[in-house]
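# Working through the structure, step by step
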Amino acid sequence: MAAEPIQQTIESVYESESRRVLATLIRLLGDFDAAEEALHDAFRAALEQWPRDGVPSNPRAWLVSAGRFKAIDAARRRTRFDALDDMGEKAEPVFIDTAAWADDESVDDDRLRLVFTCCHPALAPDAQVALTLREVCGLTTEEIARAFLTPAPTLAQRIVRAKAKIRDARIPYEVPSRADLPERLEAVLRVVYLVFNEGYSASSGEQVTRHDLSAEAIRLGRVLVELLPEPEAQGLLALMVLHDSRRAARTSPDGELVLLEDQDRSLWNRDQIAEGVRLVEQAFSSGAPGPYAIQAAIAAVHAEAPAAAATDWNEIVGLYDLLMRTAPSPIVELNRAVAMAMRDGPAAGLAVLDRLLDRGELRDYRLAHAVRGELCRRLGRTADAQVSFERALKLTRQEPERRLIERRLAEVSK
Amino acid sequence: MKYLCLVYLEPDKLHAVPDSECAMSGQRLRERGVLVAAEALQPIDTATTVRVRAGKVLVTDGPFAETKEQLAGFYLVDAHDLNEAIQIASKIPPAREGSVEVRPVRELEP
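Residues numbered from 1 in each chain as written. Chains lettered and ligands numbered in written order. Predicted model: local features only at pLDDT ≥ 70, side-chain atom pairs only at ≥ 80, totals over all residues.

## A short note on the overall build of chain A
Counted only if it meets this: Segments assigned H or I by DSSP are reported as helices when at least four residues long, segments assigned E as strands when at least two residues long, and all are numbered from the N terminus. Counting other C-beta atoms within 10 Å of its own, a residue is labelled buried from 20 upward, exposed at 12 or fewer, and partly exposed in the gap between, with every C-beta atom placed from the backbone. This entry defines residue contacts through backbone-placed C-beta atoms, with two residues in contact when those atoms are within 7 Å.
Across its full length, chain A carries 21 helices and zero strands. Overall, chain A is about 85 × 50 × 40 Å in size when its C-alpha atoms are taken along their principal axes. Buried residues in chain A amount to 36% of all 414 residues. Taking all contacts inside chain A whose residues are at least 6 apart in sequence as the whole, residues at least 24 apart take part in 59%.

Okay, structure coming up:
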């Protein structure tokens, strides 16, 4: 009778605590694989003992110490050398004092250590993403493989290699020092944003799984903001939440892409917008907003406009100017040209865009040509619009995007 | 743990960093107690390859690597972890001209 609720309790403890317990076990055992095994042993022990003895008052500390005990025990059983008895003796006093290394603060540090280790720049970018999703988010190898349309064995190999490198090259399990933090945090945020975009803008694969990736990235972003409230972490979370607030309006019922200006704004998620705006304000209050915070601020201006025509384009152009000073790139210039076209008219935007295209960096960038086609269309320069849309069409590989450009092309060719 | 930092440079950059600067940086690492050994190498056209096959010593000229960068020198350092090794490697002067490959040393099995 009583077994059922306890079963559920253990499941919910697994849900909420397993990643924290794993992160701490990696620190204590110094090895990813040993820690994973210990985590499973600890939960197996919980399934046996909790129904009999009751749920411990601090389940997390119980699981950490059970996992550690099991790992030491397993190591002892594997090798009966005397050398290991030393290890046991050293471990014993610590084992009794479980609360000391499973308290909230050190557990939070362990979660951060895990994130920074999985996103260490010495690991291949693909491996950083895979490792983060598996170790920090708890996704299975198969789930990650499905989400990235990669064969599971390939992905498993990637994870095995990354873990071997962490062990053999001795990538430290630590939160970077203050001096290294900005650079290392940037790498972590890049991984999180990559996961988000994979879920947000992918045109193929299972829709549901992909949405899960965005949700996973947002969850990860929340963990980061909670543990390390740096302005750029807040900025990235804001950016993801604000993009995600438009999810329902982004595609028509038949799966076609709907551009921002044509979206049904009543479908936008108001709670997410409120959260995003709040985070943008926090990030900007630091005084020196970074690229994520600025992009989030731009998304917030769109989100707060009741209709496309009511968008504050002057504010958006100003934010793109700020972004150009912080993180200049041809793509940012392209977006700024679009904002200028909206503020000052298509002719002004086109002049900026053509100067940008003349520089050559965006010659093969599909959206640059799509934007040019659209501006020419608005100016009535049908032939020019046609040329640009055709060029964009040749460069695009995304199915819904291709259909959207084809529709525009059909309009100007009429 | 020991790491071997292999310095790679394009042939025309072999002397881009003055010898005196390399010597000074080596001296600093030695004073910090992290340097086990470090040497610069003659250009790759002085290299000879030795193989032993079926008990016979085969000697050939080269290698003449296809890659543009060639091994120009090495630093064997003793670092706490990869982060420290990377930090040391970033201070090796030719790192700004070519690249430094950081490889953990494998202890031989007894």
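## Describing the overall build of chain B
When its secondary structure is counted, chain B shows two helices and six strands. For chain B, the sequential pattern of α-helices and β-strands runs β-α-β-β-β-β-α-β. Taken over the C-alpha atoms alone, chain B extends approximately 45 × 45 × 20 Å along its principal axes. The buried share of chain B, reckoned over its 110 residues, is 21%. Taking contacts inside chain B between residues at least 6 apart in sequence as the whole, the part at least 24 apart equals 78%.

## A word on the nonpolar core
The condition that has to hold: By convention the nonpolar core is taken to be a set of buried residues drawn from Ala, Val, Leu, Ile, Met, Phe, Trp, Tyr and Cys and joined through C-beta atoms within 7 Å.
Among the nonpolar cores identified, the biggest contains 119 residues, and Ala238 and Ala296 of chain A are the most heavily contacted of them. By residue number, the principal contributor to this core is helix H15 (residues 291-304) of chain A, which donates ten residues.

## Quick look at the packing of helix H7 (residues 125-136) of chain A against helix H9 (residues 152-168) of chain A
All names here are of chain A. What counts, and what does not: An axis is simply a line fitted to the C-alpha atoms; with a helix, the fit covers only the stretch in contact. Between two such axes, the angle follows the N-to-C directions and lies from 0 to 180 degrees. Should an angle lie under 35 degrees it is considered roughly parallel, over 145 roughly antiparallel, and from 65 to 115 roughly perpendicular; all remaining angles are considered oblique. Any residue that is not Ala, Val, Leu, Ile, Met, Phe, Trp, Tyr, Cys, Pro, Asp, Glu, Lys or Arg is counted as polar, Gly included; the first ten are nonpolar and the last four charged.
Following both chains from N to C, one finds H7 and H9 inclined at 90 degrees, their axes separated by 9 Å at the closest point. Accordingly, the angle class assigned to the pair H7 and H9 is roughly perpendicular. Residues Asp126, Ala127, Ala130, Leu131 and Arg134 of H7 form the contact with H9, whose participating residues are Leu155, Arg158, Ile159, Arg161 and Ala162. Of the residues that constitute the contact of H7 with H9, the class distribution is six nonpolar, no polar and four charged.

## Side note on the packing of helix H12 (residues 231-244) of chain A against helix H14 (residues 270-284) of chain A
Residue and element names in this part refer to chain A. Keep this limit in mind: Here is the rule for handedness: rotate from the far helix to the near one, and if that takes an anticlockwise turn smaller than a right angle the crossing is left-handed, while a clockwise turn gives right-handed.
Interaxial distance between H12 and H14 falls to 8 Å at its minimum, and their mutual angle equals 155 degrees. Relative to H14, H12 is oriented roughly antiparallel. The way H12 lies across H14 gives a crossing that is left-handed. Mapping the contact onto sequence places Pro231, Gln234, Gly235, Leu237, Ala238, Val241, Leu242 and Asp244 in H12 and Gln272, Ile273, Glu275, Gly276, Leu279, Val280, Gln282 and Ala283 in H14. Grouping the constituent residues of the contact of H12 with H14 by class yields nine nonpolar, five polar and two charged.

## Brief notes about the environment of Arg359 of chain A
Residues and elements named next belong to chain A. Secondary-structure assignment places Arg359 in the loop between helix H18 (346-358) and helix H19 (366-378). Residue class for Arg359 comes out exposed when judged on the 10 C-beta atoms lying within 10 Å of it. Considering only alpha carbons, one finds Arg359 and Glu275, 84 residues apart in sequence, at a separation of 39 Å.

## A short note on unusual backbone geometry
In the segment running from Gly62 of chain B into Pro63 of chain B, the intervening peptide bond is cis, with an omega of 15 degrees. Structurally, the position occupied by Pro63 of chain B is in the loop between strand E4 (56-61) and strand E5 (70-78). For Arg170 of chain A, which is not glycine, the phi dihedral falls at a positive 55 degrees. Position of Arg170 of chain A relative to the elements: it lies in the loop between H9 and helix H10 (181-201). For Arg170 of chain A, a count of 19 C-beta atoms within 10 Å corresponds to the partly exposed category.

## As for the confidence of the model for chain A
How we decide: A score between 0 and 100, pLDDT records how confident the predictor is in each residue.
Summarising the model, chain A shows a mean pLDDT of 88, and 91% of its residues fall at 70 or more. Under a pLDDT of 50 for its full length, residues 88-97 of chain A has, in the predicted model, six contacts with residues more than four places off or in other chains.

## Overview of the domain arrangement of chain A
Residue and element names in this part refer to chain A. Heads up, the condition is: Domain ranges listed in this record stem from an automatic or a database domain assignment.
Along its sequence, chain A is carved into domain 1 (3-102), domain 2 (104-228) and domain 3 (333-414). With 14 residues of domain 1 at the contact, the number on the domain 2 side is 13 residues. Put simply, the parts of the chain that give the side of domain 1 that touches domain 2 at least two residues each are helix H1 (3-29) and helix H2 (32-53). The leading source of residues in the side of domain 1 that touches domain 2 is H1, at eight residues.

## Digging into the sheet that holds E5 of chain B
Residues and elements named next belong to chain B. The following threshold applies: Strand pairing follows a simple DSSP-based rule, namely that at least 2 bridges must link the two strands.
Read across the sheet, four strands follow the order E2-E5-E1-E6 without closing on themselves; strand pairing throughout is antiparallel. Edge strands, defined here as strands with exactly one partner in the open sheet, are strand E2 (35-40) and strand E6 (99-104). When strand polarity is set aside, the average angle formed by the axes of neighbouring strands in this sheet is 20 degrees. In this sheet, E5 lies alongside E2 in antiparallel orientation, the contact comprising five bridges. Bridge assignment links Glu39 to a residue of E5, and that residue is Phe74. Helix-sheet contacts for helix H2 (residues 82-90) involve strand E1 (2-9), E5 and E6, and the interaxial angle to E6 is about 155 degrees.

## Topic: H2 of chain B
All names here are of chain B. Note the following rule: The directions considered for the arc are those from the helix axis to the C-beta atoms.
Considered for burial, the residues of H2 that qualify are Leu82, Ala85, Ile88 and Ala89. The buried residues of H2 occupy an angular sector of 120 degrees when projected down its axis, which confines them to one face. At its buried positions, H2 is contacted by E1, helix H1 (19-32), E5 and E6.

## Some details on the pairing of E5 of chain B
Two strands pair when backbone bridges link them, and E1 of chain B and E5 of chain B are joined in this way by eight bridges, in the antiparallel orientation. Looking across to E5 of chain B, one finds that Leu6 of chain B is bridged to Phe74 of chain B.

## Some words on the confidence of the model for chain B
Close inspection of predicted coordinates is inappropriate in any region flagged by low pLDDT. Scored by pLDDT, chain B comes out at a mean of 92, with 97% of its residues at no less than 70. With pTM at 0.81, the complex prediction returns an ipTM value of 0.77.

## Considering H14 of chain A
Given 3.6 residues to a turn, an α-helix orients residues that are three or four positions apart in the same direction. Residues and elements named next belong to chain A. We count it as follows: The span expected for a helix works out to 1.5 Å for each residue beyond the first.
The first and last C-alpha atoms of H14 sit 21 Å apart over 15 residues, in line with the 21 Å expected at 1.5 Å per residue. The complete set of buried residues in H14 reads Gln272, Ile273, Gly276, Val277, Leu279, Val280 and Ala283. Relative to the axis of H14, the buried residues are bounded by an arc of 165 degrees and lie together on one face. For H14, exposure combined with an orientation more than 90 degrees from the buried face picks out Arg270 and Asp271.

## So, the environment of Ser286 of chain A
Residue and element names in this part refer to chain A. Note that Ser286 resides in the loop between H14 and H15. For Ser286, a count of 15 C-beta atoms within 10 Å gives the class partly exposed. Separated by 229 residues in the primary sequence, Ser286 and Ser57 place their C-alpha atoms 40 Å from one another.

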